[in-house]
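Fold and geometry: a report
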Amino acid sequence: MDGAAGVPAELQGGRAQADRVLTAQEWLHKWETGAAAFHKEHGHPLLEKYLDVLLSGRSGLRIFFPLCGKAVDMKRLADLGHSIVGVDISEQALKEFFADQGLPYCEEPVPGIVGAKKLQSTSGNICLYCCSIYDLSSAIVGKFDGVWDRGALVAVNPCDRPRYASLMISLMEKNSSYLLVTVLYDPNKHKGPPFYVPESEVKSLFGNHCEIKLLEKVSDFSDRHRRWGLDYFLEVLYILKFVA
């Protein structure tokens, strides 16, 4: 149904979310209180299904996990021989990742970022930064051959999306691949996060820098979403190709 002035209701809802802001403390509180329901204990089925699309037959890639939390997929890709870099503001989440995976690690400060920490597996192939993602740059973390973005773009404050996209673009190598998961639902019924991100916005944020292809839309609807008052909840997977 169309809303005011013939604007689709969902688009109005997306605009309504534009002013929604979560602080770093609110995100930390989610981890501290066990309210991080967005964490998947067994990895993400879309990454498993489209892993070959991300890797394109290449080995030994540098792969970035923005707002990584304690994603188990990091261990899976590291075990395949790739070098993993992640970032999250929650030190608890990062330490739980190493504990859950049974991986010893060392901890050190990050030159140039006050208060930041780098947690690196003793094997050296998983390096997680505890800081704001906006404190990172290619000078600090280098550039990447691949990205798995699930729960990152949809989690940053809507007003920060251009800043986030600009940073991510600056971290991509030529001929790199970026798997991006967004979510679709009726944003009039839930204020987020995760935030509603339509295809038009993905194209607006990234389209001038890469080729974008929608790979799949899947229902991820659950009792949690029903409690939010939603009738449907879709995950949408895109591949972004940064061609030379």
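Below is a summary of the structure that appears in this document. Just so it is clear, the model here is predicted, and its values are computed rather than measured.

Along helix α8 (residues 161-170), the residues that are buried comprise Arg161, Tyr164, Ala165, Leu167, Met168 and Ile169. On its buried face, α8 sits against β1 (62-65), β6 (144-150), β7 (172-184), α9 (199-206) and β9 (234-242).

This brings us to the packing of α8 against α9. Axis separation between α8 and α9 bottoms out at 9 Å; the angle between their running directions is 55°. As judged from the angle between their axes, α8 and α9 are oblique. Remark: the crossing between α8 and α9 carries right-handed chirality. Of the residues in α9, those touching α8 at Arg161, Pro162, Ala165, Met168 and Ile169 are Glu201, Leu205 and Phe206. Per-class residue counts for the contact of α8 with α9 are six nonpolar, no polar and two charged.

To continue, consider the packing of aromatic side chains. In total, this model carries eight aromatic pairs according to the counting rule given. Judged by centre distance (4.6 Å) and plane angle (25°), the rings of Phe98 and Tyr105 are stacked. Centroid distance Tyr185 to Tyr196: 6.3 Å. Interplanar angle 70°. Geometry classified as edge-to-face. Remark: Tyr196 occurs in the loop between β7 and α9 and Tyr185 occurs in the loop between β7 and α9; sequence separation between them is eleven residues. Given the relative accessible area of 10%, Tyr196 is considered buried.

With respect to topology, nine strands assemble into an open sheet ordered β3-β4-β5-β2-β1-β6-β7-β9-β8, the strand pairing being mixed. Looking at strand neighbours, the two that pair on one side only are β3 (105-109) and β8 (211-219), the edges of this open sheet. The average angle at which neighbouring strand axes cross in this sheet is 15°, direction not considered. Where β6 and β7 come together, six bridges link them in parallel fashion. When the sheet's bridge partners are listed, Val147 is paired in β7 with Tyr178. Along the sheet, helix α6 (residues 91-101) contacts β2 (83-88), β3, β4 (117-121) and β5 (126-130); its crossing angle with β5, the most-contacted strand, is approximately 160°. The strands touched by α8 within the sheet are β1, β6, β7 and β9, with β7 carrying the most contacts at an inclination of about 150°.

Our focus in this paragraph is the pattern of salt bridges. Scanning the model with the defined rule gives 15 salt bridges in all. As a salt-bridge pair, Glu216 and Lys49 come within 2.8 Å of each other at their nearest N and O atoms. You can see Glu216 sitting in strand β8 and its partner Lys49 sitting in helix α3 (residues 45-49), a full 167 residues away along the chain. Judged by relative accessible area, Glu216 falls into the buried class, the value being 18%. In this structure Lys49 comes out as exposed when scored by relative accessible area, which is 52%.

Cut-offs applied
Residues numbered from 1 in each chain as written. Predicted model: local features only at pLDDT ≥ 70, side-chain atom pairs only at ≥ 80, totals over all residues. Heavy atoms only, no water. Buried < 20%, exposed > 50% of the residue type's maximum accessible area, 1.4 Å probe, protein only. Helix = DSSP H or I, 4+ residues; strand = E, 2+ residues; numbered from the N terminus. Contact = heavy atoms within 4.5 Å. Axes fitted to C-alpha atoms, helices over the stretch in contact; angles between N-to-C directions. Parallel < 35°, antiparallel > 145°, perpendicular 65-115°, else oblique. Left-handed = near helix turned anticlockwise from the far one by under 90°. Nonpolar A, V, L, I, M, F, W, Y, C, P; charged D, E, K, R; others polar. Phe/Tyr/Trp six-rings, centres within 6.5 Å; stacked < 30°, edge-to-face > 60°. Pairing = 2+ DSSP bridges. Salt bridge = Lys/Arg side-chain N within 4 Å of Asp/Glu carboxyl O.

Function cannot be inferred from these measures alone, as they are strictly geometric.
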